[in-house]
Amino acid sequence: MKITFYGHASLGIEVDGKNIIVDPFITGNTLADAIDINTLKADYILLTHAHYDHVLDVEAIAKNTDAIIVSNPEITTYYEKKGFKSHFMNHGGSWRFDFGTVRYVNAVHSSSFADGTYGGNPGGFVIETKSKNIYIAGDTALTYDMKLIPLRTKLDLVILPIGNNFTMDLEDAIVASDFLECNKILGYHYDSNPYIEINHEESIRKFLDKKKELLLLEVGESLEF
Ligand code: NI
Ligand code: MN
């Protein structure tokens, strides 16, 4: 599995010959200026919720790639009406795609499109593949529901927001990784605006103090594991 960080909460995942884009917000992020969305490959676009900083580039990428948009029914209906392909899921449900099984799980947050359209309940994704299992939390507070995930899935990597203000902070992300029973954490949702700037060295050290590994990728950098 190869995971590429496209800045903010945007990810590219390559697994089993398939390409997945998660929460594309690239053209609106000056830290991601070097990323050309027209070069991105996508068979699927996974969306955790409808906020602007997670869906800005969905239509452009879906138009280029003919990707299937995977999210809750309110979000998929919004894009279906515009002619895009989709697969809708809801909390607790899972579906076996050609790259692996995706479960849509709870997130404590809100979800509306920039124009005010209701974006359903926000979520996260547990992705089980032949090689690795990961959890993408989306925007969320620390929640006890995270404890449910390792009851079913042994996670190899958890992707957690760490920027504070809009989501949980670093301290809560450390507790979340305990709940998730996974000590390998990819941090996201930080530095892309003044409210969520973090000190990288200090953040990594705080995780290290708990014998946990916090990975902070450069925009465009990939993690292969
Ligand atoms: Ni949000
Ligand atoms: Mn966000």
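From a predicted model like this one, the values you see are computed outputs, not experimental measurements.

## So, the confidence of the model for the protein chain
Inference 1: Mean pLDDT for the protein chain: 98, with 100% of residues reaching 70 or above.
Inference 2: Per-element confidence in the protein chain ranges from a low mean pLDDT of 97 for strand 14 (residues 222–224) to a high of 99 for strand 4 (residues 44–46).

## Overview of the coordination of the manganese ion (ligand 2)
By definition of the ideal shapes, four donors in a tetrahedron about a metal sit 109.5 degrees apart, and six donors in an octahedron sit 90 or 180 degrees apart.
Inference 1: Protein coordination at the manganese ion (ligand 2) comes from Asp53 (OD), His54 (NE2), Asp139 (OD) and His189 (NE2), with a distance range of 2.1 to 2.2 Å.
Inference 2: Positions of the donor residues of the manganese ion (ligand 2) along the chain correspond to the pattern D-H-x84-D-x49-H.
Inference 3: On the basis of relative accessible area, Asp139 is assigned to the buried category, the value being 2%.
Inference 4: His189 sits in the buried class, given a relative accessible area of 1%.

## So, the side chain of Asn72
Inference 1: Within the fold, Asn72 resides in the loop between strand 5 (68–71) and helix 3 (73–80).
Inference 2: Here the side chain of Asn72 touches Gly119 through a polar contact of 3.0 Å, landing on its backbone oxygen.
Inference 3: Within the local environment of Asn72, its side chain forms a polar contact with the backbone oxygen of Asn121, the two atoms lying 3.0 Å apart.

## A closer look at the coordination of the nickel ion (ligand 1)
Inference 1: Summarising the metal site, the nickel ion (ligand 1) is bound by the protein donors His49 (NE2), His51 (ND1), His109 (NE2) and Asp139 (OD), whose distances to it range over 2.2 to 2.3 Å.
Inference 2: Between the four donor atoms coordinating the nickel ion (ligand 1), the angles at the centre fall across 90 to 176°, so the site counts as irregular.
Inference 3: Sequence spacing of the donor residues for the nickel ion (ligand 1), all on one chain, is H-x1-H-x57-H-x29-D.
Inference 4: In this structure, the nickel ion (ligand 1) lies 3.2 Å away from the manganese ion (ligand 2), the two metals sharing Asp139 as a donor. Here the residue His109 occupies a position in the loop between strand 8 (100–106) and strand 9 (123–128), and Asp139 occupies one in the loop between strand 10 (133–136) and helix 4 (149–152), the gap between them amounting to 30 residues.
Inference 5: Residue His109 is classed as partly exposed on the basis of its relative accessible area of 26%.

## Brief notes about helix 5 (residues 170–179)
Inference 1: For helix 5, the full list of buried residues reads Leu170, Ala173, Ile174, Ala176, Ser177 and Phe179.
Inference 2: Against the buried residues of helix 5 lie helix 4, strand 11 (157–161), strand 12 (184–188), helix 6 (200–209) and strand 13 (213–215).
Inference 3: With a side-chain oxygen lying 3.3 Å from the backbone nitrogen of Glu171, the N-terminal cap of helix 5 falls on Asp169.
Inference 4: Of the residues flanking the end of helix 5, it is Glu181, one or two places downstream, whose phi is positive at about 55°.

## Some details on the packing of aromatic side chains
Aromatic rings considered in pairs are described by the distance between their centres and by the relative angle of their planes.
Inference 1: In the structure shown here, the tally under the stated rule is 12 aromatic pairs.
Inference 2: Judged by centre distance (5.5 Å) and plane angle (10°), the rings of Phe97 and Phe99 are stacked. The same class applies to Phe97 and to Phe99, which are both buried.
Inference 3: Their ring planes at 75° and their centres at 6.0 Å tell us that Phe166 and Tyr195 sit as a pair that is edge-to-face. In this pair, Phe166 sits in the loop between strand 11 and helix 5 while Tyr195 sits in the loop between strand 12 and helix 6, placing the two residues 29 residues apart along the sequence.
Inference 4: Members of the aromatic cluster, connected to one another through ring pairs, are Tyr78, Tyr79, Phe84 and Phe113.

Each value, and the rule that gives it
- Residues numbered from 1 in each chain as written.
- Chains lettered and ligands numbered in written order.
- Predicted model: local features only at pLDDT ≥ 70, side-chain atom pairs only at ≥ 80, totals over all residues.
- Heavy atoms only, no water.
- pLDDT = per-residue confidence, 0-100.
- Helix = DSSP H or I, 4+ residues; strand = E, 2+ residues; numbered from the N terminus.
- Donors = N, O, S within 2.8 Å, 3.2 Å for Na, K, Ca; no water.
- Buried < 20%, exposed > 50% of the residue type's maximum accessible area, 1.4 Å probe, protein only.
- Polar contact = N/O pair within 3.5 Å; in protein donor to acceptor, adjacent residues only side chain to side chain.
- Tetrahedral: all angles 85-135°; square planar, octahedral: opposite > 155°, others 65-115°.
- Contact = heavy atoms within 4.5 Å.
- Phe/Tyr/Trp six-rings, centres within 6.5 Å; stacked < 30°, edge-to-face > 60°.

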